[in-house]
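Next come the chains, spelled out residue by residue.
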Amino acid sequence: MDDNYINQLFEERRSTVVFSPREIKDKKLASLFEAARWAPSSYNAQPWRFIVAPRNNKDAFSRVLGLLSPKNQEWAKNAGVLLISLAEVTSEKTEKSNYYAMHDVAQAVSFLTLQATHLGLFVHQMGGFEREKVNGQFNIPENFQPVTAIAIGYPGELKDVSKELMLREMQSRSRNPLQEIVFTTKWEESYF
Ligand SMILES: Cc1cc2nc3c(=O)[nH]c(=O)nc-3n(C[C@H](O)[C@H](O)[C@H](O)COP(=O)(O)O)c2cc1C
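Predicted model only: the values in this text are computed from it and were never measured.

Conventions adopted
Residues numbered from 1 in each chain as written. Predicted model: local features only at pLDDT ≥ 70, side-chain atom pairs only at ≥ 80, totals over all residues. Heavy atoms only, no water. Buried < 20%, exposed > 50% of the residue type's maximum accessible area, 1.4 Å probe, protein only. Helix = DSSP H or I, 4+ residues; strand = E, 2+ residues; numbered from the N terminus. Pairing = 2+ DSSP bridges. Expected span 1.5 Å × (residues − 1). Arc of directions from axis to C-beta. Contact = heavy atoms within 4.5 Å.

Novice: What is the right way to read the pairing of strand β5 (residues 144–155) from this model?
Specialist: With nine of 12 residues buried, β5 is to be regarded as a mostly interior element. Of the strand pairs in this sheet, strand β1 (residues 19–20) and β5 are connected by two bridges, and their pairing is antiparallel. Residue pairing across strands places Phe 19 opposite Pro 155, the latter belonging to β5. Examined bridge by bridge, strand β3 (residues 81–88) and β5 share seven bridges and lie antiparallel to one another. Across the sheet, residue Val 81 finds its bridge partner in β5, namely Ile 152.

Quick look at the structure:
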């Protein structure tokens, strides 16, 4: 095993723009939320909530799709399921705001994403959606704030998408090196 070994799931995950409109069975879908449910959260508050819109529920799917930016709609329309993640930013019981709510929702989405990857599914998160319309459209209390829209699906085929999406899908992916992100006691003094 080489020193930079990471689990294959982390290597396989990516934000595809080429989805197949294949249905995702409810049993598989449930396992994604089961994984999300086991994420850690500050004071175990579990501030995550999800609106789920499978493509076979035409009303729900088109309502969530309609909230996405036109650019995101171009590829997300082929996803098997669309989600909106929400954070309980103010506790209903204590009326205290939860600084970590967004952080914890992101962790739950991360768990969901890796479980999806494990099942051969791809997950693409989006900030490009009309989040100010979500609470009104889905009758959600004000102490919840929409975080991201999320497309989930099986991989599609490059030949079925526009040239623009094909090129985007084939683009190389990059990350900042460890030297730029992990510091020791002096800021910007690399640890590795
Ligand atoms: C909070 C968040 C918002 C994002 N918003 C969008 C979006 O609106 N549209 C989009 O195409 N991708 C969006 N992305 C996907 C990122 O562009 C993508 O994760 C990044 O380019 C790295 O690529 P990778 O996920 O394939 O590694 C978003 C990702 C996150 C985590």
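Novice: Help me understand helix α2 (residues 26–37), please; the structure alone is not making it clear to me.
Specialist: Across its 12 residues, α2 extends 16 Å between first and last C-alpha, which sits within 8% of the 16 Å expected from 1.5 Å per residue. Within α2, the full set of buried residues consists of Leu 29, Leu 32, Phe 33, Ala 35 and Ala 36. Seen end-on, α2 carries its buried residues on one side only, within an arc spanning 155°. Looking at the buried positions of α2, the neighbouring elements they touch are β2 (48–54), β3, α5 (101–118) and β5.

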